[in-house]
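Architecture at a glance
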Amino acid sequence: MHIQKNISLKKYNTFRIDVRAKEFVEINSDEEIQSLILSGILNNKKFFILGGGSNVLFTENFDGIVIKINTKGKKKIKEDSEHIYLLVSAGEDWQNFVEYCLNNNYAGIENLSLIPGTVGAAPVQNIGAYGVELKDVFYELQAIEIESGKKVKFNKDDCEFSYRNSIFKNKLKNKYIILSVILKLNKHPKIKIEYGNIKQELEKSGIKNPGIKEISNAICNIRRNKLPDVEKIGSAGSFFKNPVVDNKTYFRLKNKFPEISAYKLPESKYKLAAGWLIEECGFKGKTIGNAGIYKDQALVIVNHGNANAKEIINVMKKVQKVVYEKFGVKLLPEVNIV
Ligand code: EPU
């Protein structure tokens, strides 16, 4: 374990923001994490746990230690006639893991194809796409408490999952480091293709009874068409959450803007498509300084090259202001702003 000093984080965040970390350490095993904690190096020090860096906006040089989790490994821990339980190390790349599951015919995460980031970060924000969320396949995780160095298990209820949220973004923020996650996958796929235009995408290729590989391919195609490739253009995926509003607000808006895009939720709530609100305000494809709104998906703020965090924040604020003035709805960032 080697603690490096004054390291640029540009290649470690998909927004490609060029800030520096005072200290930076890469971790390759659970034991290394434990000894880092027990050594007391983290005491009274700011720290940041980095996975794929795909959901973070660094706004300034990080005056502390960035801990990059690189732990690898996946293991079958049990199975029954219906399910297979896989224990996966936090540093595994999410998409590599999805491909491993597709190749072994383990079903349940095909709709979560091509989401950037690591397995350990997936429960933190309960990643989701195309009608599936991580919580749907989550069984348990193991984390280490930073204060004590003790290993602790969290089951699904303990994690308090909700839309792009978990206990690790709230009450337990900065209290634990996730070591590994156990997912409960299906041996017999339960196909979910109702959401968005998955069906149309499958029809385009003439597929009638899709398996998990076909669904994954369709979703990869949809995502590639709508979302920027983080290897080519800096972004952190959806910058904002889709806002949830009550009945009254929804019908007020629907009345004024009949085309509004929204999904009905339980308890008389509606989730509005923030992308629609932002597009309706004329932001889609707009460049503001070195940053802007992606041309094919208005929920995504992009770095056109050399944007600094101020320019990204500037776009965020402009969008929030104009959307609020037009619709009376507050957009909150989904991205972790540090
Ligand atoms: N829309 C527009 N204009 C846009 C974008 C969207 O009008 O520029 C409207 C369309 O009516 C569309 C609806 O919004 O039908 C929904 O759009 P889309 O299916 O692209 O999904 P989203 O709500 O914009 C969410 C997630 C994505 C996830 C997709 C698919 C959030 C914050 N974002 O986006 O997740 O891939 O659904 O399930 O919930 C991410 O979290 O980084 C992410 C990309």
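Residues numbered from 1 in each chain as written. Predicted model: local features only at pLDDT ≥ 70, side-chain atom pairs only at ≥ 80, totals over all residues. Heavy atoms only, no water.

Let's talk about the overall build of the protein chain
Each helix and strand in the protein chain was counted, giving seven helices and 20 strands. In summary, the protein chain has a C-alpha radius of gyration of 20 Å against a globular reference of 20 Å for 338 residues, a match within 12%. For the protein chain, the spread of C-alpha atoms along the three principal axes comes to 60 × 50 × 35 Å. Counting across all 338 residues of the protein chain, residues that qualify as buried make up 51%. Across the protein chain, every contact between residues at least 6 apart in sequence was considered, and the portion connecting residues at least 24 apart equals 60%. Approximately 16,500 Å² of the protein chain is accessible, and the part contributed by carbon and sulfur atoms is 46%. Distance between charge centroids for the protein chain: 4 Å, based on 53 positive and 38 negative side chains. (Helix = DSSP H or I, 4+ residues; strand = E, 2+ residues; numbered from the N terminus. Rg over C-alpha atoms; globule rule 2.2 N^0.38 Å. Buried < 20%, exposed > 50% of the residue type's maximum accessible area, 1.4 Å probe, protein only. Contact = heavy atoms within 4.5 Å. Areas by Shrake-Rupley, 256 points an atom, 1.4 Å probe, with all protein chains shown as cover. Lys, Arg positive; Asp, Glu negative; His and termini not counted. Charge placed at Lys NZ, Arg CZ, Asp CG, Glu CD.)

Some details on the domain arrangement of the protein chain
Examined at the domain level, the protein chain breaks down into domain 1 (4-69), domain 2 (74-186) and domain 3 (234-337). Placing the centre of domain 1 and that of domain 2 at their C-alpha centroids yields a distance of 21 Å. Residue-level contacts link 13 residues of domain 1 with 15 residues of domain 2. Interface area for domain 1 against domain 2, summed over the two sides, is near 1,300 Å², with a carbon-plus-sulfur share of 68%. Three residues, D30, I37 and F47, lead the burial of domain 1 against domain 2; their summed loss comes to 35% of the area buried on that side. Between the two partners, domain 1 and domain 2, sit zero salt bridges. (Domains from an automatic or database assignment. Buried area = accessible area lost by both parts, 1.4 Å probe. Salt bridge = Lys/Arg side-chain N within 4 Å of Asp/Glu carboxyl O.)

Overview of the pairing of strand β10 (residues 138-145)
Sheet analysis places β10 next to strand β12 (residues 176-186), joined by seven bridges and oriented antiparallel. Paired with E140 across the two strands is I182, which belongs to β12. For β10 and strand β11 (residues 151-155), the ladder comprises five bridges, and the chain directions are antiparallel. Opposite I144, over in β11, you have K151 as the bridge partner. Linkage of β10 to β11, two consecutive antiparallel strands, is achieved through a turn of five residues, within which G149 is found at a positive phi near 80°. (Pairing = 2+ DSSP bridges.)

Some remarks on a positive patch on the surface
Together, K248, R252, K256 and K326 line one region of the surface with positive charge. With three residues, the top contributor of residues to the positive patch is helix α5 (residues 247-256). Inspection of the secondary structure puts K256 in helix α5. With a relative accessible area of 61%, K256 lands in the exposed category. (Patch = residues over 30% accessible without salt bridge, like charges linked within 9 Å, V, L, I, M, F, W, Y side chains within 5 Å.)

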